[in-house]
Amino acid sequence: MINIPKGTKDVLPADSYKWQYVEGVARETAKLFNLKEIRTPVFEHTELFQRGVGDTSDIVTKEMYTFKDKGDRSITLKPEGTAGAVRSFIENGLANGVLPAKMYYITPAFRYERPQAGRLREFHQFGVEIFGAKGAQTDAEAILMADSLLKKLGLNVKLYINSIGCKECRAKYNAALKAFFEPNLDKLCYDCKARYEKNPLRLLDCKEEECKKINASAPKMLDYLCEECNIHFGQLKLALGVAGVDYEIDPRIVRGLDYYTRTVFEFVSTSIGAQGTVCAGGRYDGLIEELGGNPMPAVGFAAGIERLLIVMEQTGVEIPAPATPTVYLAGMDEKCREKAFGLACKLRAKGVIAEIDHMERSVKAQFKYADKIGAKYVAVIGGNELAEGKANVKNMSDGTSESVEFEKMTEYFCGK
Ligand code: ATP
Ligand code: MG
C-alpha cells in the first residue's frame with residue numbers, strides 16, 4: 001500500500017463541494033471587480049522564483065520543490081502564484097496592451113514546510129494581481145476584493161495594514177533597524193541573525209517568541225516614510241474609510257524584498273490561533289522590472305483556500321449542500337432496467353439529475369440505495385408498469401406515490 005506524501009491532502013468526492021463553493025465565490029468576486037482568470041504552469045524555471053520571490057526569502061532558501069528534469073534544467077514547482085503571472089504578463093506582451101491589467105488565479109502551490117493544521121506542502125491559493133496602476137485607490141480595491149470575498153464566505157476577520165515605504169525611505173529605516181537590533185543580536189534566533197545581515201526588515205516577521213518580544217519595541221517604518229509614501233498611505237486609509245472597511249495599523253507586517261513597496265496587508269481570522277492569516281498581499285512596484293519587463297506598478301494578494309475552509313468549518317459556516325439526484329429509476333428485471341436506462345438518458349438530456357441501478361440489486365435494495373444517495377423521487381418500473389407504459393413514482397420526502405406515463409416523465413421532473 002502506497003500512502004499519500006506528507007503534507008498533502010486528498011479532497012474526497014463527499015467534500016469537494018466545499019472547495020467548489022469557495023472557488024465559486026472567489027470567481028464571482030473576481031468577476032464583480034472585472035478580473036479575468038490567468039492560468040500558468042505548475043512548474044517554472046527555478047530562476048523565476050529566485051528572482052521573483054527573492055533569494056533571501058524563506059520560500060527560496062528553505063521551501064522550494066526544486067529538481068533537475070531529464071534535459072538537465074532546474075525546475076521548481078510553483079511556491080506561489082505571482083511570479084508566474086508576472087512572467088506570463090511580460091512574455092505575452094500584455095504589458096504593452098490595455099492597462100490596468102486585472103487578473104486572478106486559483107492554483108496549487110508547493111512549499112517544503114513542517115506540516116501542521118493550515119500549513120501544508122501542497123496547498124491552494126486564490127490570488128489577484130493588478131498591473132499598471134500606481135494609485136492608492138487600486139491598493140484599496142485589492143483589499144476590498146479580499147474583504148468582499150471573506151465576508152461572502154461568512155468569515156470574521158480583521159484587516160491589518162502597514163506601509164513599508166519605497167527604496168529610498170526604507171534604506172534609512174533599515175539602518176535604524178540595524179542600530180536597534182545590534183545590541184540584541186545574541187538573543188535573536190539563528191534565522192534572524194542571517195536576516196540582520198541580509199534583510200533587517202524580515203526580522204519583524206519572525207514567529208519565534210523571543211524575537212517577537214524584542215520586535216515589539218523596534219522602530220516603526222511608518223515613522224520613516226518619505227513624503228510621497230506618507231501621502232500614499234494617507235490616501236489608502238481615506239479610500240478604506242470611503243469603502244467603510246475597518247482596519248488596524250500593524251507595524252510588524254512586512255514583505256522583506258526590495259520590490260515590495262508601500263502598502264502591505266493581512267486578513268487574520270479572529271477565530272483560529274496559529275495559522276490565522278487567511279489572506280496576505282501588498283504593492284510590489286519593482287517586481288515587473290525585476291523579472292525583465294519595463295518598470296510598472298503592481299498590487300495583489302493571495303488567500304489560502306485550506307485556511308479559509310478551516311476557519312469556515314471551525315466557526316460553523318454552512319456551505320450549501322450539493323444537488324442530489326432528482327429521480328432514481330428502479331427496474332425490477334432486465335427488461336425494466338433497460339427501460340429505466342432509456343428514460344434516464346432522456347431525463348439527463350433535459351438537465352434532470354437521474355440515477356439508475358448499476359449493481360443488479362433487488363427493487364427493495366435499490367430503494368435503500370436511492371435513499372442513501374438522497375434521491376428526491378424513486379420511479380419504479382415493474383412488469384405491470386412496463387406493460388402499461390407508466391412508472392410508479394414515489395416522493396421520498398412525503399411518501400406519496402403517483403403513476404406517471406413514460407412519455408410525460410421529462411415534463412414531470414423538469415424543474416423539480
Ligand atoms: P505564513 O506567514 O503563514 O507562512 P506566508 O507569508 O508564507 O504565510 P504568503 O506567501 O503570503 O504566506 O501566502 C498567502 C497565503 O497563502 C497565506 O496567507 C496563507 O493563507 C496561505 N499559505 C501560505 N503558506 C501556506 C501553507 N504552507 N499551507 C497552507 N496555506 C498556506
Ligand atoms: Mg510561509
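Residues numbered from 1 in each chain as written. Chains lettered and ligands numbered in written order. Predicted model: local features only at pLDDT ≥ 70, side-chain atom pairs only at ≥ 80, totals over all residues. Heavy atoms only, no water.

Draft legend 1. Broad picture of the overall build of the chain. For the chain, the helix and strand inventory stands at 15 helices and 16 strands. For the chain, whose C-alpha radius of gyration is 28 Å, the value lies well above the compact-globule estimate of 22 Å for 416 residues. Reported as C-alpha extents along the three principal axes, the dimensions of the chain are approximately 90 × 50 × 45 Å. Residues classed as buried in the chain amount to 48% of the 416 residues present. Taking the intrachain contacts of the chain between residues at least 6 apart in sequence as the baseline, contacts between residues at least 24 apart amount to 69%. Only carbon and sulfur atoms are counted for the fraction: they give 50% of the accessible area of the chain, which is about 21,500 Å². Between the centroid of the 57 positive side chains of the chain and the centroid of its 57 negative side chains there is a distance of 1 Å. (Helix = DSSP H or I, 4+ residues; strand = E, 2+ residues; numbered from the N terminus. Rg over C-alpha atoms; globule rule 2.2 N^0.38 Å. Buried < 20%, exposed > 50% of the residue type's maximum accessible area, 1.4 Å probe, protein only. Contact = heavy atoms within 4.5 Å. Areas by Shrake-Rupley, 256 points an atom, 1.4 Å probe, with all protein chains shown as cover. Lys, Arg positive; Asp, Glu negative; His and termini not counted. Charge placed at Lys NZ, Arg CZ, Asp CG, Glu CD.)

Draft legend 2. A look at the nonpolar core. Among the nonpolar cores identified, the biggest contains 89 residues, and Phe 126, Phe 131, Phe 181, Phe 267 and Phe 301 are the most heavily contacted of them. Per element, the largest residue contribution to this core is eight residues, and it comes from helix 5 (residues 136-152). Apart from the residues lying within four places of it in its own chain, the contact partners of Phe 126 are Ala 26, Ala 30, Tyr 104, Tyr 105, Ile 106, Leu 149, Phe 301, Ala 302, Ala 303 and Ile 305. Of all hydrophobic cores here, the second largest spans 20 residues; its members include Val 327, Ile 356, Tyr 377 and Ala 391. (Core = buried A, V, L, I, M, F, W, Y, C linked by side-chain atoms within 4.5 Å.)

Draft legend 3. Seen up close, the site of ligand 1. Looking at ligand 1, there are 16 residues lining it, with Arg 111, Glu 113, Arg 119, Leu 120 and Lys 207 nearest. At a separation of 2.9 Å, an oxygen atom of ligand 1 approaches a polar side-chain atom of Arg 119. Within the side chain of Lys 207, an N or O atom sits 2.7 Å from an oxygen atom of ligand 1. Across the complex, the protein chains shield 86% of the 590 Å² of accessible surface that ligand 1 would expose by itself. Mapped onto the shell around ligand 1, the elements with two or more residues apiece are strand 6 (122-131), strand 10 (277-283) and strand 11 (298-304). The biggest single contributor to the shell around ligand 1 is strand 10, with four residues. Of the residues contributing to the shell around ligand 1, the split by class is six nonpolar, four polar and six charged. (Near = heavy atom within 4 Å. Polar contact = N/O pair within 3.5 Å; in protein donor to acceptor, adjacent residues only side chain to side chain. Nonpolar A, V, L, I, M, F, W, Y, C, P; charged D, E, K, R; others polar.)

Draft legend 4. Quick peek at the side chain of Thr 107. Summarising the element assignment, Thr 107 is placed in strand 5 (residues 101-110). Separated by 2.8 Å, the side chains of Thr 107 and Lys 78 make a polar contact.

Draft legend 5. Seen up close, the sheet that holds strand 2 (residues 43-45). If you trace the three strands from one edge of the open sheet to the other, you get 2-4-3, paired in antiparallel fashion. Every other strand in the sheet has two partners, leaving strand 2 and strand 3 (66-68) as the edge strands with one partner each. Put simply, the sheet's adjacent strands are angled 35° from each other on average, direction ignored. Pairing geometry for strand 2 and strand 4 (residues 74-77), over three bridges, is antiparallel. Residue His 45 lies in a different strand from strand 4, and its bridge partner there is Ile 75. (Pairing = 2+ DSSP bridges. Axes fitted to C-alpha atoms, helices over the stretch in contact; angles between N-to-C directions.)

Draft legend 6. Focus on the environment of Thr 270. Mapped onto the elements of the fold, Thr 270 is located in the loop between strand 9 (261-269) and strand 10. Spatially, the C-alpha atoms of Thr 270 and Asn 156 are 6.1 Å apart, while their sequence positions differ by 114 residues. Other than its neighbours up to four places away in sequence, Thr 270 contacts Asn 156, Val 157 and Lys 158. Engagement of the side chain of Thr 270 in a polar contact is seen with the backbone oxygen of Asn 156, the distance being 3.2 Å.

Draft legend 7. Geometry of the environment of Gln 50. Position of Gln 50 among the secondary structure elements: in helix 2 (residues 46-52). Judged by its relative accessible area of 32%, Gln 50 falls in the partly exposed class. The spatial distance from the C-alpha of Gln 50 to the C-alpha of Val 264 is 21 Å, given a sequence separation of 214 residues. If sequence neighbours within four positions are ignored, Gln 50 has contacts with Asp 55 and Val 60.

Draft legend 8. Focus on a negative patch on the surface. A cluster of acidic residues, Asp 333, Glu 334, Glu 338 and Glu 360, forms a negative patch on the protein surface. Inspection of the secondary structure assignment puts Glu 334 in helix 12 (residues 334-349). With relative accessibility at 66%, the residue Glu 334 sits in the exposed group. (Patch = residues over 30% accessible without salt bridge, like charges linked within 9 Å, V, L, I, M, F, W, Y side chains within 5 Å. Salt bridge = Lys/Arg side-chain N within 4 Å of Asp/Glu carboxyl O.)

Draft legend 9. Region of the structure containing helix 7 (residues 190-198). Along helix 7, the positions that sit buried rather than exposed are Cys 192, Arg 195 and Tyr 196. Along the long axis of helix 7, the arc covered by the buried residues comes to 105°, so they all point the same way. Residues of helix 7 that are exposed and point more than 90 degrees away from the buried face comprise Tyr 190, Glu 197 and Lys 198. Elements that come into contact with the buried residues of helix 7 comprise helix 3 (58-63), helix 6 (167-181) and helix 8 (209-215). (Arc of directions from axis to C-beta.)

Draft legend 10. Spatial organisation of the pattern of salt bridges. Applying the stated rule across the entire model yields 24 salt bridges. A salt bridge links Arg 283 to Asp 285; the shortest N-O distance between them is 2.8 Å. Residue classification places Arg 283 among the buried positions, given a relative accessible area of 0%. Among the charged side chains, a network of salt bridges with common partners joins Arg 27, Glu 37 and Arg 39.

Draft legend 11. Representation of unusual backbone geometry. Here the amide bond leading from Leu 99 into Pro 100 is cis, since omega sits at 0°, within 30 degrees of zero. On the secondary structure map, Pro 100 appears in the loop between helix 4 (82-91) and strand 5. In this model, Asp 72 sits at a positive phi of 65°, which is unusual for a non-glycine residue. Here Asp 72 is to be found in the loop between strand 3 and strand 4. The exposed category is assigned to Asp 72, whose relative accessible area is 56%. Its identity as a non-glycine residue notwithstanding, Glu 360 has a phi of 55°, on the positive side. Inspection of the secondary structure puts Glu 360 in the loop between strand 13 (354-356) and helix 13 (363-372).

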